[in-house]
Amino acid sequence: MKHILIALILGLQTALMPVFAQDGETEASSFDEIASKLEHRSGFLDLYIDEDAGKVLAALPKPDDEGVSVRFIYGAGLTAGLGSNPIGLDRGNADAAVIVRFRRIGKKIVAEQENWRYRASSDRPEERRAVRQSFASSFLWSTEVKAESVTGDLLIDLSSFLIRDQHSIARALKFGAEAGGYGLVKDRSFPDTGAALSFPDNTELDAFLTFETSRPNAQTIATAADGRTVTLVQHHSFVRLPDEGYTPRVFDQRTANIGMGYYDYSAPLDAPIISRLSRRFRLERIDPEAASGPVKKPIVFYVDPGAPAQIRDALIDGAQWWQAGFEAAGFEDAYRVEVLPEGAHPLDVRYNVINWVHRQTRGWSYGGSVSDPRTGEILKANVILGSQRVRQDRMIFEGLAGTSKTGTGAADDPVELALARIRQLAAHEVGHTLGFAHNFAASSNNRASVMDYPAPFVTATGDGALDFSQSYGVGLGAWDIFTVKWLYSQFSDGENGAVLLEDMVSDAYGSGLRFVGDRHARSQGTAHPYASVWDNGEDATTSLGNVLRVREIALDKFGRNVVQAGRPNSDLSAVIVPIYLYHRYQLAAAAKSIGGFEFQYGINGDNTGPARPVAAASQRRALEALLATLDPAMLDLPDTVTNLLTPGDVGFAGVPLGDELFPSRTGPVFDLLSAADISADLTLSAILHPERVGRLLEFERRGASTLTFLETLDALDETVFAAPELDRHEAIARMIQSRFVVNLIALSGDTGGAAEVTSIVDGKLRSLQSRLTGRRAGRNAAERQHFAALAARIDQHLTADMPVDGLSPRRLSAPPGSPIGSGFEGGAFGQTEACWHCIP
């Protein structure tokens, strides 16, 4: 009887034991016993779901002799984001993929990230092992083996892997100097068992991650339900390694494709140790020997069904433009765009998705991808398009054209113009995910590529009207067709692919196409005269004249007609910003001719010509055009306009309008002097950029006939201190003069400036000081007092033992022109369209 009782007690204990043991405990049940009590979801990784405990288990294949159970491409992203563009934790965002393996070491399973930045291409295992042991791998996570089957399969609990902060969310949430750090809250972070999906070639898993702080930042306060506690959904993708047969394409810096690099320690001594490959999809014709024909597996993009119907249709139209490129490369039915099927997860590796993402403010869009780190083969595309951006475009067109044509479908209908921009944007971001980089010289080639940043091409007609019929291009340009053919063309065994690719490049450049990438086009100080952002036309100086005329016409007509009936009058204060500064980007483009330097990316042995400075006449013409933007009359606004620019009450907390408006030092009165100061500073800082000044001096040193730095300073001096024609412009003129002196002092004290720059600038300042204190300085008491103050500031700079703060009076920040959050216009932690493919 005693033995029977003991047996009953033991049986009851067994029945009451948990389904599986906790970490560190002895296994309580066999593999089959545990699995039989859980929901099984088969696929690439067989999953076992414990809904009650909120856990996700996975079955791993029997490890090999080195303990490796399974290798896969691993990526993480966000199924549900924060909604803050500056922070950048967007819905649909995904990081760069890596190769991970689950490896058994004793009783533990380790998730080990392989290091493919350093490798040996040799077939000799000794060489490969030497490289592998020379550079560190990374153990990302470990857990105990829960059970082992009779065939050697291993059962592990993935739950703690899934709630790791793989996406660096805590680091992103620490935004702003005054904010506290966010920490992961374990008891409110757990897998979403209902979203655990496994397919034949990929496993997709979600987890709720909660972060908490006692000192939230302004962005989380504005976007999260409670800024102190932020819950996001992190996604994990486990993707089967692609099979053999993919042929990498070697990267070529002349072709604007997105490359990846690695160190190959098996490279011969007469070859470079760094190898570069292009990123692209695997695209193969059914008949590899045919010059054209259908493909084995087409590239399909899916549009987020969460986009409004009007937007969704525009996204499909624009993304579909790439079909023409693949047809030109000899592929039939190789590319198409559809709506994402119901129930499909947008981060599922099987779907290339164009995500429509909502943020509190307008921000950058970008196109990322999951690719094989070994070969560059793209496995999944992930496009993020911010929904606020199209509304900003519509507002700009309302400021230019008024609202009377809204909804009519006319050429100047602001909604139709904004949708035209959305089509172009969809094509642009999809282009990145197909493997194409920016080409910021395309606008100088008759819109040769959708991979440029397009400014609306609005022109002034002879009768003082504005023509919007060519605002945005439609379809791919000549550069796009070339890049698709170069990156994706398939060659038969009898063809010399290298020769054909080189012929494509030669033909493209021979036809006059240009290519300039991010590094040499984005920033204000870059030199290439044909490469800029948000500009138009082959001749940037001529285009600046057209843009200034468009600005003049729009400002002459500016009034309540530029906002919809029933909207607050205070909206006019937002609309005026992009219209008043309508010339800002074309101005920057024209400035690149001053000290400009035209060059072409090339390789030794091709027909690349030598680089050359921009002709002196073109530099002087650009300088003259820029000086016109310092005319006080151009920077003035009539009282009938400024009196319309009144403040408003936002109605509830958390709506950030300030960044989109001109700063004001005058309370409810529109501060025209601040707006004019910002515009003048855009011109002065462009002309006096330290890199531009350095090039002017370098070209002068070479002895060529060129625009000199001193000639530039004299032209600025003459323009800035010219007497204004109207008394009402005197205050604007004095403001420009002050900003000119401040910028000169800042340039003199620039720690990166050459001694020659400092000596020339200080010499100019001494001359200016002498003139400002001369007996005839100043036409009236106000001007004499102003000149005396400027002379005193110059004297303080020239005589101080320590450098004087050249930015006093404080430089005012221009409201953002590009989408908010740009790394090159103010900086932000958040990932931007600009640089996702800069990740090594």
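## Re the environment of A314
Right, on to step 1. Counting through the fold element by element, A314 comes out in helix α7 (residues 309-319).
Right, on to step 2. Residue A314 is classed as buried on the basis of its relative accessible area, which comes to 2%.
Right, on to step 3. Each C-alpha atom, one on A314 and one on I163, is 37 Å from the other, the two residues being 151 residues apart in sequence.
Right, on to step 4. The contacts of A314, once residues within four sequence positions are left out, are L419, I422 and R423.

## Some words on the pattern of salt bridges
Right, on to step 1. Under the counting rule described, the total for this entry stands at 51 salt bridges.
Right, on to step 2. Note that E338 and R336 form a salt bridge whose closest N and O atoms lie 2.6 Å from each other.
Right, on to step 3. Given the relative accessible area of 31%, E338 is considered partly exposed.
Right, on to step 4. A salt bridge links R702 to E698; the nearest nitrogen and oxygen atoms lie 3.1 Å apart.
Right, on to step 5. On the basis of relative accessibility, which here comes to 27%, the residue E698 falls in the partly exposed class.
Right, on to step 6. By sharing partners, the salt bridges in this structure join R71, R101, R103, E112 and E114 into a single network.

## Here we look at the sheet that holds strand β7 (residues 118-119)
Right, on to step 1. Strand order in the open sheet made by the 3 strands is β7-β16-β17, with mixed pairing throughout. Taken across any chain shown, the strands that pair with only one partner, and hence form the sheet edges, are β7 and β17 (274-278).
Right, on to step 2. Bridging between strand β16 (residues 259-264) and β17 involves 5 bridges; their strand directions are antiparallel. Within β17, the position partnered with G259 by the bridge is S278.

## Describing the sheet that holds strand β9 (residues 147-148)
Hydrogen bonding along the main chain pairs the strands of a sheet, whether they run parallel or antiparallel.
Right, on to step 1. In spatial order, the strands read β1-β2-β3-β10-β9; together these 5 strands make up an open sheet with antiparallel pairing. Two strands in the sheet have a free side with no partner beyond their single neighbour: β1 (39-41) and β9.
Right, on to step 2. Pairing between strand β2 (residues 46-50) and strand β3 (residues 55-60): 5 bridges, direction antiparallel. Residue I49 lies in a different strand from β3, and its bridge partner there is V56.

## Overview of the packing of aromatic side chains
Right, on to step 1. Under the criterion given, the structure shown has 39 aromatic pairs.
Right, on to step 2. Ring geometry for Y118 against F135: centres 3.9 Å apart, planes inclined by 10 degrees, an arrangement best described as stacked. Residue Y118 is found in strand β7, and its partner F135 is found in the loop between α3 (125-134) and β8 (138-144); the two are separated by 17 residues along the sequence.
Right, on to step 3. Ring centres of Y453 and W534 lie 4.6 Å apart, and the angle between their planes is 25 degrees; this geometry places the pair in the stacked category. Here Y453 is found in the loop between α10 (414-434) and β26 (459-460), whereas its partner W534 is found in the loop between α12 (497-510) and α13 (540-556), with 81 residues between them in sequence. In this structure, Y453 and W534 share a single accessibility class: buried.

About the cut-offs
- Every residue gets a number counted from 1 within its own chain, in the order that chain's sequence is written.
- The model is predicted, so local features are restricted to residues of pLDDT at least 70 and side-chain atom pairs to those at 80 or more, both for listing and for counting; the totals for chains, interfaces and linings are taken over all residues.
- Where side-chain values are given, they derive from all heavy atoms of the structure, hydrogens and water being excluded.
- Secondary structure elements are defined from DSSP: runs of H or I of at least 4 residues count as helices, runs of E of at least 2 residues count as strands, and each element is numbered from the N terminus.
- Note on classification: 1.4 Å probe, protein chains only; a residue is buried when its accessible area is under 20% of the maximum for its type, exposed when over 50%, partly exposed between these limits.
- When checking whether two residues touch, look at their non-hydrogen atoms; a contact exists if any pair is within 4.5 Å.
- For salt bridges, the criterion is a side-chain nitrogen of Lys or Arg within 4 Å of an Asp or Glu carboxyl oxygen.
- Pairs of strands are assigned from DSSP output, requiring at least two bridges between the strands.
- Pairing of aromatic rings covers Phe, Tyr and the six-membered ring of Trp, with a centre-to-centre limit of 6.5 Å; geometry is then stacked below 30 degrees between planes, edge-to-face above 60, and tilted otherwise.

Spatial relationships are all this shows, so hold off on functional conclusions.
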